[in-house]
Structure formats: C-alpha cells, structure tokens
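# A structural walkthrough
In case you want the letters, here they are:
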Amino acid sequence: MSTSKASSVRADVSAIGAIAATVMAQAVARAVVQAESLTEHQLPARRDCVKR
C-alpha cells in the first residue's frame, strides 16, 4: 500500500491507526518491563520496584 503498486487495495485509515496504536502500546509496555536500572544515575527500573 505504501508504494501505490496495489491500487485495487483499499485500506481503512481508522483501522490502520488503531492497529498502529495497539502495536505501539505493546512496544512501550515491553520496553518498560524489560528495562534495566541506571545505577550510575540512581534511576531504578520497574523490576526494581515490583515485588515478584
């Protein structure tokens, strides 16, 4: 779709936007969960604050 070579394909812009928002939210959540603390700057990560 981005190359305009599939001119017969119609995309619902709202659906694409909703999918993009979901994918971005999942990526941010994964980044927060997997982040490591920055001890040199005294910044804890989520894993340091959540009891397992």
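Our subject in this report is the structure included herewith. (Residues numbered from 1 in each chain as written. Predicted model: local features only at pLDDT ≥ 70, side-chain atom pairs only at ≥ 80, totals over all residues. Heavy atoms only, no water.)

### So, the overall build of the protein
The condition is simple: Strands here mean DSSP runs of E at least two residues long; helices mean DSSP runs of H or I at least four residues long; both are numbered from the N terminus. Note that accessible areas follow from Shrake-Rupley with a 1.4 Å probe, and for residues the cover is restricted to the protein chains shown.
Scanning the protein for helices and strands turns up two helices and zero strands. Only carbon and sulfur atoms are counted for the fraction: they give 58% of the accessible area of the protein, which is about 4900 Å².

### Description of the environment of A35
Filter applied, for reference: Only protein chains enter the accessibility calculation, which uses a 1.4 Å probe; a residue is then buried when its area is under 20% of its type maximum, exposed when over 50%, and partly exposed in between.
Residue placement: A35 occurs in the loop between helix 1 (13-34) and helix 2 (46-49). Taking the relative accessible area as the measure of exposure, A35 reaches 29% and is therefore partly exposed. A35 sits 13 residues away from D48 along the chain, and the two C-alpha atoms are 10.0 Å apart.

### What to know about helix 1
Here is the rule: To estimate the expected span of a helix, count its residues, drop one, and scale the result by 1.5 Å. What qualifies as a polar contact is a pair of N or O atoms within 3.5 Å, subject to a donor-acceptor requirement within protein and to the restriction that residues adjacent in sequence count only when both atoms come from side chains.
The end-to-end C-alpha distance of helix 1, which contains 22 residues, comes to 31 Å, matching closely the 32 Å that a straight helix rising 1.5 Å per residue would cover. Residue D12 occupies the N-cap position of helix 1, its side-chain oxygen lying 3.2 Å from the main-chain nitrogen of S14.

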